[in-house]
Structure formats: structure tokens, C-alpha cells
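What follows is each chain in one-letter form.
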Amino acid sequence: MNSDCAGGNSEKTSTDRILSQDELIARVQTARRDGARIVFANGCFDVLHAGHVRYLQGAKALGDLLVVGINADSQVAALKGPGRPVMGERERAEIVASLESVDLVTIFHEATVESLLLALKPDIHAKGTDYTEQTVPERDVVRSYGGRVAIVGDPKNHSTSEILDRIGANPDVAKKCEQNS
């Protein structure tokens, strides 16, 4: 499968690979028509670390076109708590889009990726090793259209929250320290 035909990394800059959901759906449909195997991965990607990179490399290895959904700022704040995200959604999307393994990126504002999965119907929904195939929240949605779930990446021993703790930038840890002093 030629990645140029699949709409892969032929774009000029990483920001050219950040698409609205409507643009993404059209691009994925074209790639699928051309025979591409579509892989979808998602996450906050707030402070990019080696675990994120390995997860996305593992996802890309499963197919021809890797699409990444980035949680919008409001969803990161709801999931991760005060002071998060550290970087805004556009910056996070641009950084992820710049990775060699990533073909297309979109930002989603919903609490889950279920509607995006139903719109794209990727062949494979890749999740990191903090999940098992049985614990992936969207597994039933993926199976409903004939897709499959795959667990990829290295063992979960990387964490943005832990990185922020180590550098003293985690607002939850700072608050606890203030309360204990």
C-alpha cells in the first residue's frame, strides 16, 4: 500500500496532517477505497514521552494509515484534573502529527471516542498497555462494525503525571505539599 495513496505522510508540514473530523472522515474513506488498513489510536498526549512514542509506533505497525485522536483541552481537564493540560490541544496535535509514525490527527471534544470510531470504522483500534483487550472501554463499539482492538506499546512505566511530579509541576502534588506544610 502506497502511503501517498492512503493520504499518509505526504503532506508538507505536521499541521497539514491535523484535520477536522469531517475532513478526516473523507480522507479515511478515500484511503480505505485505495486498500489501506486503517488504525486508530487516541489519548491526551499532554507531555509527550517515550511511552507515547512507542504506543504510536506499535499502532502504526498494525496497518497502513495511523489516525490519532487527541482529547480536547476540556476533556483533558476533566480526565486529569486541575492544571491540565499543560499544553493546549493545538500544540499537542502538532507535536503528535510531527511523529513519523503518525499520518493524520484530529481533536475530539466528546468524553469518549465512540462516535469518532463509528464515523471512521478503523480496522484496528489500538490502545496502550495500561489496558487489556477486555478492559478497553470502546471494545464493544469496535466489534459492532467488525473492527478489532489491539494492545500495543511497551509496559506502562511512563506517565505524564509522574514526569510533572518529578519536576515539581504537578498542581495536585503542589497543593498537597502546601497543605502539609
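Remember, it's a predicted structure, so these values are computed and weren't measured experimentally. Throughout this description, residue numbers start from 1 for each chain and increase along the sequence as written. Whole-chain, interface and lining totals are the exception, using all residues; otherwise, since this is a predicted model, local features are given only for residues with pLDDT of at least 70 and side-chain atom pairs are given and counted only at 80 or more. To get the side-chain values, all heavy atoms of the structure are used, and hydrogens and water are removed first.

Another aspect to go through is the sheet that holds strand β2 (residues 65–71). Each pair of strands is called paired provided DSSP finds at least two bridges between the two strands. Counting from the N terminus, the helices are the DSSP runs of H or I reaching at least four residues and the strands are the DSSP runs of E reaching at least two. Strand order in the open sheet formed by five strands is β3-β2-β1-β4-β5, with parallel pairing between adjacent strands. Both edges of this open sheet fall to β3 (104–108) and β5 (148–151), since each of them pairs with a single strand only. The mean inter-strand angle of the sheet, taken between neighbouring strand axes irrespective of direction, is 25°. Judged from the six bridges that link them, strand β1 (residues 38–43) and β2 form a sheet pairing that is parallel. What counts as an axis is a line fitted to C-alpha atoms, over the stretch in contact for a helix, and the angles between N-to-C directions run from 0 to 180 degrees.

A word on the nonpolar core. The criterion is simple. A nonpolar core is a set of buried Ala, Val, Leu, Ile, Met, Phe, Trp, Tyr and Cys residues joined through side-chain atoms within 4.5 Å. Only protein chains enter the accessibility calculation, which uses a 1.4 Å probe; a residue is then buried when its area is under 20% of its type maximum, exposed when over 50%, and partly exposed in between. In terms of nonpolar packing, the biggest core is built from 22 residues, with Leu 56, Leu 66, Val 68, Ile 70, Val 96, Val 102 and Val 105 touching the most fellow members. Among the elements of the structure, β1, α2 (50–60), β2, α4 (89–97), β3 and β4 (124–127) are those that each provide at least two residues to this core. We call two residues contacting when some pair of their heavy atoms lies within 4.5 Å. Excluding residues that lie within four positions of it along the chain, Val 68 makes contacts with Phe 40, Ala 41, Phe 45, Leu 56, Val 96, Val 102, Leu 104, Val 105 and Thr 106. In this structure, Leu 65, Leu 104, Val 113 and Leu 120 belong to the second largest nonpolar core, which totals 20 residues.

Moving on to the pattern of salt bridges. Pairing between side chains of opposite charge can happen when the charged atoms of each approach one another. For this document, the term salt bridge refers to a Lys or Arg side-chain nitrogen within 4 Å of an Asp or Glu carboxyl oxygen. Considering all chains together, one arrives at four salt bridges under this definition. Taking the shortest distance from any N to any O, the salt bridge between Asp 73 and Arg 92 comes out at 2.8 Å. Of this pair, Asp 73 sits in helix α3 (residues 73–80) while Arg 92 sits in helix α4, and the two are 19 residues apart along the sequence. The exposure class assigned to Arg 92 is buried, which follows from its relative accessible area of 0%. Notably, a salt bridge pairs Glu 138 with Lys 127, separated by 3.9 Å at the nearest N-O pair. Note that Glu 138 is positioned in the loop between β4 and α6 (139–144) and Lys 127 in strand β4, a separation of eleven residues in sequence. Residue classification places Glu 138 among the buried positions, given a relative accessible area of 6%.

Take helix α1 (residues 21–33) next. Within an α-helix, residues lying three or four positions from one another point in the same direction, as the helix has 3.6 residues per turn. To estimate how far a helix should extend, the number of its residues minus one is multiplied by 1.5 Å. Here α1 is 13 residues long and its end C-alpha atoms lie 18 Å apart, about the 18 Å a rise of 1.5 Å per residue gives. Among all positions of α1, only Leu 24, Val 28 and Ala 31 are buried. The arc that holds every buried residue of α1, seen down its axis, measures 60°, which confines them to one face. In this structure, α1 carries Asp 22 and Arg 33 as exposed residues pointing more than 90 degrees from its buried face. In the core, the buried residues of α1 are packed alongside β1, β2, β3 and α5 (114–120). Trailing α1 by a residue or two, Gly 35 shows a phi angle of about 95°, which is positive. Here the arc refers to the set of directions running from the helix axis out to each C-beta atom.

Glancing now at the environment of Tyr 55. Mapping Tyr 55 onto the fold places it in helix α2. Remark: the alpha-carbon pair of Tyr 55 and Val 152, spanning 97 residues in sequence, is separated by 5.7 Å. Non-local contacts of Tyr 55, meaning those with residues more than four positions away in its chain, are made with Ala 41, Asn 42, Phe 45, Ala 126, Lys 127, Gly 128, Val 152 and Gly 153. Any pair of nitrogen or oxygen atoms within 3.5 Å is treated as a polar contact; in protein, a donor-acceptor pairing is required on top of that, and neighbouring residues in sequence qualify only through side-chain atoms on both sides. In terms of polar contacts, Tyr 55 uses its side chain to reach the backbone carbonyl oxygen of Ala 126, at 2.9 Å.

The predictor attaches a confidence to each residue, and that confidence, scored 0 to 100, is pLDDT. Averaged over every residue, the pLDDT of the chain is 87; residues scoring 70 or more account for 79%. Scored below 50 in pLDDT, residues 1–7 shows 14 contacts in the model against residues more than four places distant or in partner chains. Ignoring residues within four places in sequence, the model shows residues 173–181, a span with pLDDT below 50, making one contact including any to other chains.

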